[in-house]
Amino acid sequence: MLGLIQRVNSASISIDKSIVSSIDKGLLLFLAVQKNDSNEQASKLLDKILNYRIFPDQDGRMNKSLITIQADLLVVSQFTLAASTAKGLRPSFSSAAKPDEAKKTYDYFLSLCDHIYPKYKSGVFGADMQISLINDGPVTFMLET
């Protein structure tokens, strides 16, 4: 399971030119489910995202986590992160989970958010979404479990 996180001042998701989700300060998470990803990996990734210390403390050092500052989380499904780009000029998605399995794991991830960190919003699985963001820093990290 892969999670690309970006520290943002704000972010929003639009579908058909209509905003469906938006957050203020927090993290934008692009989530990719790969073949053989499990609910355990989803749980570990969420824990890592919530506790990853990438927000500045009083000295400007990255010492605070999303959960510490109680900022927002915006979750976007993005299977293209699972692409293999090492060979050729066209990405291969052979490591990505099939859509029905990926949706189950994505929905499980969101259910964990419901119970553990309800300060989240999400996109629509499989939809054609337009993402707007103001990256803070920029600060961007790829996490995987």
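Here the structure is shown first, and the text comes after it.
Below you will find a few notes about this structure.

Considerations on the nonpolar core
Judged by nonpolar contacts, the single largest core of 28 residues is most densely connected at Ile49, Leu73, Val75 and Phe109. Listing elements by their share of this core, those giving two or more residues are β3 (26-32), α1 (39-51), β6 (72-77), α3 (99-116) and β8 (130-144). In terms of residue count, the dominant contributor to this core is α3 (six residues). In terms of nonpolar packing, the next biggest core, distinct from the first, is built from 11 residues, Ala11, Ile13, Ile15 and Leu74 among them.

Topic: the pairing of β6
Burial within β6 is extensive, with six of its six residues counted as buried. Burial along β6 is two-sided: the face carrying Asp72, Leu74 and Val76 and the face carrying Leu73, Val75 and Ser77 are both buried. Bridging between β3 and β6 involves six bridges; their strand directions are parallel. For leucine 27, the partnering residue across the bridge sits in β6 and is leucine 73. Note that β6 and strand β7 (residues 120-122) share three bridges and pair parallel. Residue pairing for β7: leucine 74 is matched across the bridge by lysine 121. In this fold, β6 hands off to α3, which returns the chain to β7; that crossover is right-handed.

What about the pattern of salt bridges?
All told, the structure shown has five salt bridges when counted by the stated rule. Of the charged contacts in the structure, one is a salt bridge between aspartate 136 and arginine 7, with a shortest N-O distance of 3.1 Å. Of the two residues, aspartate 136 sits in strand β8 while arginine 7 sits in strand β1 (residues 2-15), which places them 129 residues apart along the sequence. Summarising the burial analysis for this pair, aspartate 136 and arginine 7 share the class buried. One salt bridge connects aspartate 72 with lysine 119, and the closest N-O pair in it is separated by 3.6 Å. Of this pair, aspartate 72 sits in strand β6 while lysine 119 sits in the loop between α3 and β7, placing them 47 residues apart in sequence.

Description of the side chain of aspartate 72
On the accessibility criterion, aspartate 72 (19% relative accessible area) is buried. Within the local environment of aspartate 72, its side chain forms a polar contact with the backbone nitrogen of aspartate 24, the two atoms lying 3.2 Å apart. Not counting chain neighbours up to four residues away, the residues in contact with aspartate 72 comprise Ile23, Asp24, Lys25, Gly26, Leu27, Leu66 and Lys119.

Here we look at α3
Along an α-helix, residues three or four positions apart point the same way, because every turn accommodates 3.6 residues. The end-to-end C-alpha distance of α3 is 25 Å, a good match for the 26 Å that 18 residues give at a rise of 1.5 Å each. Inspection of α3 places Ala102, Thr105, Tyr106, Phe109, Leu110, Leu112 and Cys113 among the buried residues, and these make up the whole buried set. Along the long axis of α3, the arc covered by the buried residues comes to 150°, so they all point the same way. Summarising the geometry of α3, the exposed residues directed more than 90 degrees from the buried face are Lys104 and His115.

Conventions adopted
- In this convention, every chain numbers its residues from 1, walking through the sequence in written order.
- A pLDDT threshold of at least 70 governs which residues receive local features in this predicted model, and a stricter bar of 80 or more applies before side-chain atom pairs are shown or counted, although totals over entire chains, interfaces and linings include all residues.
- Excluding hydrogens and water, the side-chain figures rest on all heavy atoms present in the structure.
- The definition of a nonpolar core used throughout is a set of buried Ala, Val, Leu, Ile, Met, Phe, Trp, Tyr and Cys residues joined through side-chain atoms within 4.5 Å.
- Burial status follows relative accessibility: with a 1.4 Å probe on protein chains alone, a residue under 20% of its type maximum counts as buried, one over 50% as exposed, and anything between as partly exposed.
- What counts as a helix is a DSSP run of H or I of at least four residues, what counts as a strand is a run of E of at least two, and both are numbered from the N terminus.
- Any two strands with at least two DSSP bridges between them are considered paired.
- With the strands pointing away from the viewer, any crossover whose connection runs clockwise from the first strand over the helix to the second is right-handed.
- Take a side-chain nitrogen of Lys or Arg and a carboxyl oxygen of Asp or Glu: if they are within 4 Å of each other, that pair is a salt bridge.
- We define a polar contact as two N or O atoms separated by no more than 3.5 Å, with the added condition that, inside protein, one atom must be a possible hydrogen donor and the other a possible acceptor, whereas residues neighbouring each other in sequence contribute only through side-chain atom pairs.
- Only heavy atoms enter the contact rule, under which two residues are in contact if any of them lie within 4.5 Å.
- Under the convention used throughout, the expected extent of a helix is 1.5 Å for every residue step, that is, one less than its residue count.
- The arc refers to the directions leading from the helix axis to the C-beta atoms.

These values are about where atoms sit, not about what they do.
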